[in-house]
There are 4 protein chains.
Amino acid sequence: MHPPQDNKPRWERRKDARPQELLAAALDQFVERGYAATRLEDVAKRAGVSKGTLYLYFTNKEELFKAVVRGTIVEVIGEAEQDAADFAGHSADLMRELLLRWWNQCCATPLAGITKLMFAEGNNFPELAHFYNEEVVARGTGVIRSVLVRGIARGEFRAVDPDVMTPVLVAPVMMLLMWTQSYMPACEMPPVDPHAYLDLFITTSLAGLAVPAP
Amino acid sequence: MHPPQDNKPRWERRKDARPQELLAAALDQFVERGYAATRLEDVAKRAGVSKGTLYLYFTNKEELFKAVVRGTIVEVIGEAEQDAADFAGHSADLMRELLLRWWNQCCATPLAGITKLMFAEGNNFPELAHFYNEEVVARGTGVIRSVLVRGIARGEFRAVDPDVMTPVLVAPVMMLLMWTQSYMPACEMPPVDPHAYLDLFITTSLAGLAVPAP
Amino acid sequence: MHPPQDNKPRWERRKDARPQELLAAALDQFVERGYAATRLEDVAKRAGVSKGTLYLYFTNKEELFKAVVRGTIVEVIGEAEQDAADFAGHSADLMRELLLRWWNQCCATPLAGITKLMFAEGNNFPELAHFYNEEVVARGTGVIRSVLVRGIARGEFRAVDPDVMTPVLVAPVMMLLMWTQSYMPACEMPPVDPHAYLDLFITTSLAGLAVPAP
Amino acid sequence: MHPPQDNKPRWERRKDARPQELLAAALDQFVERGYAATRLEDVAKRAGVSKGTLYLYFTNKEELFKAVVRGTIVEVIGEAEQDAADFAGHSADLMRELLLRWWNQCCATPLAGITKLMFAEGNNFPELAHFYNEEVVARGTGVIRSVLVRGIARGEFRAVDPDVMTPVLVAPVMMLLMWTQSYMPACEMPPVDPHAYLDLFITTSLAGLAVPAP
DNA sequence: TATGAATGAGCTTTCATTCAT
DNA sequence: CATGAATGAAAGCTCATTCAT
């Protein structure tokens, strides 16, 4: 009968949606062009607004980028942290769940472009690199590490050193991401089936973590 | 008779060496900053010449970059092609030789930065991407493929499909390269030993290619 | 009957007071930042309204500034003109009264900032300078001049040339104003006592204007 | 016979003169428009060069302004410091000399516009205000103060407190400057004859500083 | 009346490229 | 060959002004 039960006038609904539209446009451009090469005017154009409008919502280019990361990757990490904290089952199941989700939400989507971008341009923008390390790398690896600790504490994993084991789990996913992002459009090299690779990698790793039978 | 002995006066040798100095400086900057962020003024400064001088030797930034690639990676590929053509022994030995050389000459040196750069910025510079695909990717994988074909023809390898097998051999080296190039600050990477990894990978692959005993 | 007693509901009184609030906020900002550097957004914020509201009351920045001047300095000048016209006593008393009032109402208050502002930025905004000269400078010196004429006509002042004498009376007050407005950081100004200075200046000047005893 | 004994090619002479041309153009614009309202494009245009050229010689607008001040006012102050140190005669003569020179070199010339500018806009550009206080205000008043100290030490001045006396000498000159700069083009108020005023002020002040006869 | 989102001209700054010497 | 001064087309950011609600 009536439109979505949003009582606000269309105009105000637009206002609320605006930041999301801008962030979506910015994500597109950042992923497509990289950080430095993205022109704010293009972001605005893609969002259907003028250059100045961007500045109503974001202080500057850097803050726009941070907002994009916060609204996407950091969000996903937050959920992962929460779910990891709430999880009741076996740590191996939790680990598999987390790694797969990481892949599905961050690597098999446009978000992967952000990771690639930081890899490529982080050096040129130290403030951005710092932010990304704090909000994404540190927290992301933190979740994996915490599951290792949990598993060891509960006797579900062997007593490996979590600081050594964490990157062993993280690295292959990162590499797969880079690979599938393909470093050039025309270079159709990747022969790897990501899901097969991931599945094999996870299964193998978790088997390696399993407590040996007495 | 005797090895190249330069009879020219020093300043003239300097003149001839000029392009090499420029290319070396350019390589440094491209690897350090990336393509877009490299300023020609910095390249000139590092080479100890003026900005204008660069344009005496290279039409523009793009041609400078291409020249860097031609003078380094393409050179190495050319030698590999030649050596592969000249090689008389067992194809497995040749393959091992080529993969190791690739690593030692292109991946364990600053040249690896070029690969990373193309991965990161190739999308923004289509003309560059095209050039790189033609001159590096295509020819590089071509050598590997040709050795596969040779091995199969000579009955030294199993009759695998070369088009499928080539990337299987290329991908792990690329991954290792990206891994070791990954210097995202604070993101501690696991302590992979490149040579151990490479050796294991090559040995395993060649064993897999070996013709099964009848 | 009785003094102005406002029968309107409070919100409506608020409505009527709005322009005054806006002018007060604008005065604050203009004095604090100067004309060019004052952002209308800040004026609005200080007045607790939206930027757009400003434009309901004032056509543009320039008109806002004019309104500030009209509502303050011009107002004071108008009263001075009126009082001078109504005054019945000795012209020396009137002159003292006017000069002191000028100081107390325009120079020892935030309004002095407007004078400083016109001094500093008038050149950049010819239309503003023109307005200020017409409405403030011309009328202000006009009052002084008219009192001189009156005093001479009534035989209370010596027959000086009013066009020469007027700036002689105006300049010292202006100087004192600039002096006290001088707030260039760290540039310690001498501790002039404005009232002592003014009193001495006025007394001396009026003595000089007195008709010499026959 | 031959042009000025500058052996450099015309082109190079131009290069040497360039900074001075830019500074002159910048001085003009800063004095005419103020700091904030001066557009670098206009400075360039007035100097007959392009916008970018300015940046070959000056890091940014702020440094351009500082360079203008250094090349003019600070220069004059340096000479004053030197002359004061070298002077052998009576301190009263030195003081008169310095105050007159200050007027003739800094106040009766376009340089006065810089002082006016700092007075007007210093608040909006703290970094500039800081620089100006360090390089101009502090050093300028320092010279005056040092002469006071010298005179007292040599028994040529009464034993006044130099920290109190310095601004008493500085302030009237500053005020005269502001006055003669006239705060608006159309406002032809100043009736003061600067030289008469100055002369009277200096003579009076120095008389006041004279050691009373025993 | 009042709002505040939206606009776009304008300013500072950067850098690949040109060219007179 | 070599120089380096000069150019000018962007790009990031600001703010007076407009207008749909």
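Quick caveat: nothing in here was measured; it's all calculated off a predicted structure. (Residues numbered from 1 in each chain as written. Chains lettered and ligands numbered in written order. Predicted model: local features only at pLDDT ≥ 70, side-chain atom pairs only at ≥ 80, totals over all residues. Heavy atoms only, no water.)

1. A short note on the overall build of chain A
1) Next: Tallying secondary structure elements over chain A gives nine helices and zero strands in all.
2) Next: Along its sequence from the N terminus, chain A presents helices and strands in the succession α-α-α-α-α-α-α-α-α.
3) Next: Here chain A holds 214 residues, and 45% of them are scored as buried.
4) Next: Considering only contacts within chain A whose residues lie at least 6 apart along the sequence, 69% involve residues at least 24 apart. (Helix = DSSP H or I, 4+ residues; strand = E, 2+ residues; numbered from the N terminus. Buried < 20%, exposed > 50% of the residue type's maximum accessible area, 1.4 Å probe, protein only. Contact = heavy atoms within 4.5 Å.)

2. Notes on the protein's contact with DNA strand E
1) Next: Taken together, 33 residues are adjacent to DNA strand E, and Arg18(A), Ser50(A), Thr53(C), Tyr57(C) and Arg39(D) come closest.
2) Next: Close to the protein, within 4 Å, the atoms of DNA strand E belong to sugar or phosphate groups at a rate of 68%.
3) Next: Here a phosphate oxygen of DNA strand E sits 3.0 Å away from a polar atom, N or O, in the main chain of Leu40(B).
4) Next: Take Tyr57(C): an N or O atom from its side chain is 2.3 Å from a phosphate oxygen of DNA strand E. (Near = heavy atom within 4 Å. Polar contact = N/O pair within 3.5 Å; in protein donor to acceptor, adjacent residues only side chain to side chain.)

3. A few points about the packing of aromatic side chains
Residues and elements named next belong to chain B.
1) Next: Counted under the stated rule, the structure contains 20 aromatic pairs over all chains.
2) Next: Summarising the aromatic geometry, the rings of Tyr35 and Phe125 are spaced 4.7 Å apart at their centres and angled 70° between planes, so their arrangement reads as edge-to-face. On the criterion of sequence distance, the pair formed by Tyr35 in the loop between α1 (10–33) and α2 (40–47) and Phe125 in the loop between α6 (111–121) and α7 (126–153) is long-range, its members being 90 residues apart.
3) Next: On the basis of relative accessible area, Phe125 is assigned to the partly exposed category, the value being 24%.
4) Next: Considering the side-chain rings of Tyr57 and Phe58, the 6.5 Å spacing of their centres and the 45° angle between planes classify their relative orientation as tilted. (Phe/Tyr/Trp six-rings, centres within 6.5 Å; stacked < 30°, edge-to-face > 60°.)

4. A look at the pattern of salt bridges
Residue and element names in this part refer to chain B.
1) Next: On inspection of all chains with the given rule, the structure shows 64 salt bridges over all chains.
2) Next: One salt bridge in this structure joins Asp83 and Arg101, with 2.6 Å as the shortest N-O distance. Taken together, the positions of Asp83 in helix α4 (residues 61–86) and Arg101 in helix α5 (residues 91–107) put the pair 18 residues apart, joining distant regions of the chain.
3) Next: Using a relative accessible area of 32% as the deciding quantity, one classes Asp83 as partly exposed.
4) Next: The buried category is assigned to Arg101, whose relative accessible area is 14%. (Salt bridge = Lys/Arg side-chain N within 4 Å of Asp/Glu carboxyl O.)

5. Topic: the UniProt feature "DNA-binding region" (unreviewed entry) in chain A
1) Next: Per the UniProt record, "DNA-binding region" (unreviewed entry) is annotated on residues 39–58 of chain A.
2) Next: Secondary structure over residues 39–58 of chain A splits into 75% helix and 0% strand, and the C-alpha atoms at its two ends are 14 Å apart. (UniProt positions renumbered as here; feature names shortened; annotations may be inferred.)

6. Side note on the protein's contact with DNA strand F
1) Next: As a structural note, the neighbourhood of DNA strand F is formed by 34 residues, with Arg39(A), Lys51(A), Tyr57(B), Arg18(D) and Ser50(D) the closest of them.
2) Next: In the model, a phosphate oxygen of DNA strand F is placed 2.8 Å from a nitrogen or oxygen of the Tyr55(A) side chain.
3) Next: Backbone polar atom of Gly52(B) to a base nitrogen of DNA strand F: 3.3 Å apart, as the coordinates give it.
4) Next: Listing elements by their share of the surface near DNA strand F, those giving two or more residues are α3 (51–57) of chain A, α1 and α3 (51–57) of chain B, α3 (51–57) of chain C together with α1 (10–33) and α3 (51–57) of chain D.
5) Next: Looking at the surface near DNA strand F residue by residue, the classes come out as twelve nonpolar, ten polar and twelve charged. (Nonpolar A, V, L, I, M, F, W, Y, C, P; charged D, E, K, R; others polar.)

7. Brief notes about the side chain of Thr166(D)
Residues and elements named next belong to chain D.
1) Next: Within the secondary structure, Thr166 is located in helix α8 (residues 162–181).
2) Next: Relative accessible area serves as the criterion here: at 6%, Thr166 is assigned to the buried category.
3) Next: When neighbours within four sequence positions are excluded, Thr166 is seen to be in contact with Thr141, Ile144, Arg145 and Leu148.

8. Observations concerning the state of the cysteines
Here a disulfide denotes one covalent bond, and it connects the sulfur atoms of two cysteines.
1) Next: The tally for this structure, following the rule as stated, stands at zero disulfides over all chains.
2) Next: Between Cys106(B), a free cysteine, and Cys107(B), which holds the nearest cysteine sulfur, the sulfur-to-sulfur gap is 6.0 Å. (Disulfide = S-S within 2.5 Å.)

9. Section: helix α8 (residues 162–181) of chain C
1) Next: Between its terminal C-alpha atoms α8(C) stretches 29 Å, which fits the 28 Å expected from 20 residues at 1.5 Å a residue.
2) Next: A side-chain oxygen of the first residue of α8(C) lies 2.9 Å from the backbone nitrogen of Asp163(C); this N-cap is Asp161(C). (Expected span 1.5 Å × (residues − 1).)

10. So, the packing of helix α5 (residues 91–107) of chain C against helix α9 (residues 194–209) of chain C
All names here are of chain C.
1) Next: Two elements in contact, α5 and α9, have axes whose closest approach is 11 Å; the angle formed by their N-to-C orientations is 155°. Classified by the angle between their axes, α5 and α9 sit roughly antiparallel to one another. The element α5 and its partner α9 pack so that their crossing is right-handed. Every residue of α9 that contacts α5 at Ala92, Met95, Arg96, Leu99, Leu100, Trp103 and Asn104 is listed here: Pro194, His195, Leu198, Asp199, Phe201, Ile202, Thr203 and Leu206.
2) Next: When its residues are assigned to classes, the contact of α5 with α9 shows ten nonpolar, three polar and two charged. (Axes fitted to C-alpha atoms, helices over the stretch in contact; angles between N-to-C directions. Parallel < 35°, antiparallel > 145°, perpendicular 65-115°, else oblique. Left-handed = near helix turned anticlockwise from the far one by under 90°.)

11. Quick word on the environment of Glu127(C)
All names here are of chain C.
1) Next: As for its position among the elements, Glu127 is in helix α7 (residues 126–153).
2) Next: What makes Glu127 partly exposed here is its relative accessible area of 36%.
3) Next: Separated by 65 residues in the primary sequence, Glu127 and Glu62 have C-alpha atoms spaced 8.6 Å apart.
4) Next: Beyond its immediate chain neighbours, meaning those up to four positions away, Glu127 contacts Glu62 and Lys66.

12. Topic: the side chain of Glu121(A)
All names here are of chain A.
1) Next: Relative to the assigned elements, Glu121 resides in helix α6 (residues 112–121).
2) Next: Nearest to the buried, unbridged Glu121 among oppositely charged side chains is Lys61, at 7.3 Å.
3) Next: In this structure the side chain of Glu121 is engaged in a polar contact, spanning 2.6 Å, whose partner is the backbone nitrogen of Tyr35.
4) Next: When sequence neighbours within four positions are dropped, the list of residues in contact with Glu121 reads Gly34, Tyr35 and Ala36. (Lys, Arg positive; Asp, Glu negative; His and termini not counted.)

13. Focus on the environment of Met175(C)
1) Next: Tracing the chain through its elements places Met175(C) in helix α8.
2) Next: On the basis of relative accessibility, which here comes to 11%, the residue Met175(C) falls in the buried class.
3) Next: Here Met175(C) is in contact with Met175(D), Leu176(D) and Trp179(D), once residues within four sequence places are set aside.

14. Quick notes on the packing of helix α8 (residues 162–181) of chain A against helix α9 (residues 194–209) of chain A
All names here are of chain A.
1) Next: Here α8 crosses α9 at 175°, and the two axes come no closer than 11 Å. The pairing of α8 with α9 is recorded here as roughly antiparallel in orientation. Contact residues: α8 offers Met165, Val168, Leu169, Pro172, Val173, Leu176 and Thr180, while α9 offers Pro194, Tyr197, Leu198, Phe201, Ser205 and Leu209.
2) Next: Residues belonging to the contact of α8 with α9 are distributed by class as follows: eleven nonpolar, two polar and no charged.

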